[in-house]
Amino acid sequence: MIEFIKYRITAEALCLGERTKGGIFRPCVKTIPYSQITGALRTTLGLNNIHAVGYLYGDNAHNKVKYLTYSPRDRFLDKSKVPLCVEYLTNVYGYVFVVNHQELRKKTPENFVIYMGGLKSKGFGRCKLEMVEVVKPSTSNVPKKLNVRVPLRCLKSFAIKRVIKPIYGYLFKPTSRNSGVYELSLFEESIVIAPEILLRTE
């Protein structure tokens, strides 16, 4: 049976998401995509065999949306580009679920810090993870809405058994330190048969 390590994640300010090419607005997603959290954990822990997803806790006290406007600088031309408006979250609170396995149990501390998302040079993205519990989730046979973003190639890793009504999108997959590709992924609101902890509760 699949097992997850459940972490509480908090941050003062977090910028998750990507702007469209040539766009001047960068929206912030309201979940924690596989690409963002898995990449951050692999970098921090030095392990490649990590699969993780997460979501934000939706109450009125946390995950407040704010905006920042700044002009990225072209280092080659030494000139500022067109101002970019960035959406970000403050007082961030959510949960992260890491697929558990023997190597991970040996090397993963209960509490640690990762850096995730954009604008790290401006002080964004410092996230604290605190272990809550190890979960052996039950899977309901009742179709429900997915609450995370996960690549199609990783559905089995998260015990997502059946996709009934998909909502597709793309997540970035790095292929080297300086490049990567976008891969087809299943987004939140997709109707699936999956472990309860990965699903919407409403």
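These remarks concern the structure in this document. Quantities reported herein were computed from a predicted structural model and do not represent experimental measurements. (Residues numbered from 1 in each chain as written. Predicted model: local features only at pLDDT ≥ 70, side-chain atom pairs only at ≥ 80, totals over all residues. Heavy atoms only, no water.)

**Some remarks on the sheet that holds strand S14 (residues 168-174)**
Strand order in the open sheet formed by 3 strands is S12-S15-S14, with antiparallel pairing between adjacent strands. On the outer flanks of this sheet lie strand S12 (150-151) and S14, each paired with one strand and no other. Pairing of S12 with strand S15 (residues 180-186), which is carried by 2 bridges, proceeds in the antiparallel orientation. Looking across to S15, one finds that Val150 is bridged to Leu186. (Pairing = 2+ DSSP bridges. Helix = DSSP H or I, 4+ residues; strand = E, 2+ residues; numbered from the N terminus.)

**Concerning the packing of aromatic side chains**
Evaluation of the coordinates by the stated rule reveals 11 aromatic pairs. Between the aromatic rings of Phe4 and Phe97, the centroid separation amounts to 6.4 Å while the plane-to-plane angle is 80°, which identifies the pairing as edge-to-face. Pair noted here: Phe4 is in strand S1 (residues 4-14) and Phe97 is in strand S8 (residues 84-99), with a separation of 93 residues, a long-range link. Phe97 shares its class with Phe4; the two are buried. On the basis of an interplanar angle of 40° and a centroid distance of 5.6 Å, the ring pair of Tyr55 and Phe97 is categorised as tilted. Residue Tyr55 is located in strand S4 (residues 52-56), and its partner Phe97 is located in strand S8; the two are separated by 42 residues in the primary sequence. Each member of the pair, Tyr55 as well as Phe97, is classed as buried. An aromatic cluster is built from Phe4, Tyr34, Tyr55, Tyr57, Tyr93, Tyr95, Phe97 and Phe158, whose rings are joined through pairwise contacts. The ring of Tyr95 is capped by Lys6, whose NZ or CZ atom sits 4.5 Å from the centre of that ring. (Phe/Tyr/Trp six-rings, centres within 6.5 Å; stacked < 30°, edge-to-face > 60°. Buried < 20%, exposed > 50% of the residue type's maximum accessible area, 1.4 Å probe, protein only. Lys NZ or Arg CZ within 6 Å of the ring centre and 35° of its normal.)

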